Every structure is written in C-alpha cells, then in structure tokens.
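As a plain string of letters, each chain reads:
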Amino acid sequence: MRRVFPFLLILILAPLSYVSAQSYSIPGTYGYLTYNNIGLAGEVMLDINVTLINLAPYPKFVIINPRYDFRILRSDNEFGYTYRVGNTIEGRISLYTVNHSLNYMVGFWIMPYETVKINFGINSNASYTVEMLNYNNPCGDIGHIDSVTFTNGTLSHIYVNIPPGEIDRLTCGVVSPQLLNYPKIMSIRSMLPFLDRYIKVLKVEGVVKFKVTNVPDENNSTFGVFFAIAPPILFSDAKTYDYYPNYTMTYSEYIKDFIWKFRGLEPPQERKKPEINVTSNIFHLTNSLISGVRVPSFAQKPRRRAGFDFPVWIVLMRKEIEITYHVSWTNSGR
C-alpha cells in the first residue's frame, strides 16, 4: 500500500494540473485593473522631456516626483524607475542618485548656468489608470452578461441575469457609442512649480499613450464593444498634435450633431430670443439725468463662449486599442 498510494496521488493530480479556469465578473477588477460594465479598463503611459537652465551663480537641487521614471540625460548614472508589485507601485533609484540626494529627498543637482534635459516617464508596468464610466444600458440589466469563464483559454460559461417577471418587452433599445471618459486637464506650468526665479523651463515635449483594454475578452475574439473615448490628459497651455489613429470628430460635433443623428433624431435647434417691441412713449430711457448731466452709454458685449474642445474617437473593437499623441511647450507660449 505504501508503494501504490504515491502513484495514485500523482495519477489523480496530474490531469487537474492541465485545467486552468479564469472567471470575470462584469464590471470587476483583474489585478490592478478596474474595468466597467462593458469590460473596459484604461491606462496612460507618458514619455516627456523637460529642458531646464539654472541662471544662478551657484548650484541648485531640483526635487523629483518619484511616481515618474526619470533619467538625467547628461550621464548614465542618474536615473530612477517604477514598477508594480501586486497592486502597489515600488521604485528603484541609482546609487549615484542616492549619494547625491539632499535632505533625504530624491532629485538632482544642476550647476551654475547649466542646461539639463530630463526624461520623465510612466511605464506600462506602472501605468496611470483611467476610470472608464459605465455604459448606460437603455434596457437596465436586461440582456447584460454578468460574468464569463474561460477554461484553458476557451470560453466555457457565461451568466446572464434573467428577470422572471419581465415579459412586456421583446426588445428594449439599441447600442450607441456613448462617451466613456473625459480629459483630465493639466497645466505644464503647474507640473513644474519652481518657486525660484533662477530655474527656468526652456522646453517640454513628449508623447502620451492611452490604452483601452476589453479585459474579460481573454481569447481576443468573442466579445465586441462599441463606444466613444476622449484623450485621458490634455494640457491647457501646450500644443497637442499628431493624434494616431486620427480622431473621428470633436466633442462639440459629437454632442451637438453625431449622437442625435446616430439615433435617427434631429439635433435640437437653438431658440431665438424674442424681439421686444416697445410701443409706449412713457418713460423713455435716455443717457441724461434729471439734473441735465449726461452719463456715458455702454454697449452690451456679447457673452463669450468657452472655446475648449477636444477629440473624440468612435471605437468598435474586441480586445484593445492604443491611442498616441504628442505634446510640446516652450517658454514663449504655445
């Protein structure tokens, strides 16, 4: 019996080792990713170069936010990088950077009248996550897949909540490309808040990557998704350009025209203000006071409308999409 038992134990466990099952609730979380009720998770990666100059006749120490990878491009010894361990972000910095720290703070020295370029980044392994809004299902919970299971990479189970009392509708709506995120507005000047008139920012340029993943679609071919997205980050005082792939339309076009016509509706027309015809001759307004003193007349200026607009992509995909765009800023403005 002592010889048979180990053999039977291995025989029983061996087939189980080949079975791998992964279940996803929708919405839900997977690792560090939180995805919405159509399975979408958003991540941002950044790669930005900043050029600084020290106009002081003595050295300055510049403190760095450790959330970013960084590399001082004047040498190979000054760097730091971040990565995920489970759901937390950890970092490493070079021994040179540690030995040249100040007041137990991470950063770098910039010499008198020196110009230095620094590369800042957020990598894919420590990405900045973007909250994706839930899709507003016109049917409520009807017809929504609540969980899926893959066994050895193949879809083996889906669960759809079936309300037993709902018999008054055979269909209840159509899918439209709803906008599922809005840009986070940032300022280059506020990202570099030097309280020192000697440190000047000469130039900022970089690339933003936005990755949207359909997390539960493990085999990359089963679950299609249809939605609209916007850039995750925009800079109010910088130039943004070279969008790839090219965006479908602007937000104003999306909200004022596209989404209405997609549903077969006419966009609402702006109401014209009614003209007031004053026929009475009593108490005519003049620009003179009773005393005879004249007062200046002021012309009413038209109300200014906010000119801020941003790109929108209409997306039909299965597994993922990646959007990139460039940003640049100089000390002379845009």
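Each remark here, short or long, concerns the structure printed above.
Keep in mind that this is a model prediction, so the values were computed, not measured. What you see as residue numbers is a count from 1 along each chain, following the sequence as written. Local features in a predicted model are, by the rule used here, given only for residues with pLDDT of at least 70; side-chain atom pairs are given and counted only at 80 or more, and totals for whole chains, interfaces and linings are based on all residues. Side-chain metrics rest on all non-hydrogen atoms present in the structure, leaving aside hydrogens and water.

### Quick look at empty space enclosed by the protein
Gaps left between atoms show up when a probe the size of a water molecule is rolled over them.
So, point 1. Residues are called lining when one of their atoms sits within 4 Å of a cavity or pocket point, these points coming from a 1 Å grid over the protein atoms alone, where a cavity is a set in which a 1.4 Å probe fits but cannot get out and a pocket is an open set with protein on both sides within 12 Å along at least five of seven lines. Grid points are joined across faces, edges and corners, and a volume is the space filled by probe spheres set on the points. The final tally for this structure, using the stated rule, is one cavity of 30 Å³ or more.
So, point 2. One number sums up the size of the largest cavity: a volume of about 30 Å³.
So, point 3. Every residue along the wall of the largest cavity is listed here: Glu78, Tyr96, Thr97, His100, Gly107 and Phe108.
So, point 4. Counting residues per element, the ones that place at least two in the lining of the largest cavity are α2 (95-99) and β9 (107-110).
So, point 5. Each residue gets one label: Ala, Val, Leu, Ile, Met, Phe, Trp, Tyr, Cys and Pro are nonpolar, Asp, Glu, Lys and Arg are charged, and the others, such as Gly, are polar. Of the residues assigned to the lining of the largest cavity, the class counts are two nonpolar, three polar and one charged. Helix numbering and strand numbering both begin at the N terminus, where a helix is a DSSP run of H or I of at least 4 residues and a strand a DSSP run of E of at least 2.

### With respect to the nonpolar core
So, point 1. Counting 55 residues, the largest nonpolar core has Phe108, Val212, Phe227 and Ile229 as its most contacted members.
So, point 2. Note on definitions: a residue-residue contact is assigned when non-hydrogen atoms from the two residues lie within 4.5 Å. In this structure Ile229 touches Met132, Leu179, Asn181, Phe210, Val212, Pro311, Val312, Trp313, Val315 and Ile323, once residues within four positions along its chain are discounted.
So, point 3. The set of buried Ala, Val, Leu, Ile, Met, Phe, Trp, Tyr and Cys residues whose side-chain atoms join them within 4.5 Å is what this entry labels a nonpolar core. Burial classes: relative accessible area under 20% of the type maximum marks a residue as buried, over 50% as exposed, and values in between as partly exposed (1.4 Å probe, protein chains only). In this structure, Ala41, Val148, Phe150 and Val215 belong to the second largest nonpolar core, which totals nine residues.

### Considering unusual backbone geometry
So, point 1. Note the cis peptide between Ile26 and Pro27, where omega equals 5 degrees.
So, point 2. Tracing the chain through its elements places Pro27 in the loop between β1 (21-25) and β2 (28-30).
So, point 3. The omega torsion of the bond from Tyr244 to Pro245 falls at -10 degrees, within 30 degrees of zero and hence cis.
So, point 4. Take Pro245: it is sitting in the loop between β18 (239-244) and β19 (249-250).
So, point 5. Look at Tyr113: it is not a glycine, yet its phi comes out positive at around 65 degrees.
So, point 6. Along the chain, Tyr113 turns up in the loop between β9 and β10 (115-122).
So, point 7. Phi is positive for Asn152, close to 55 degrees, though the residue is something other than glycine.

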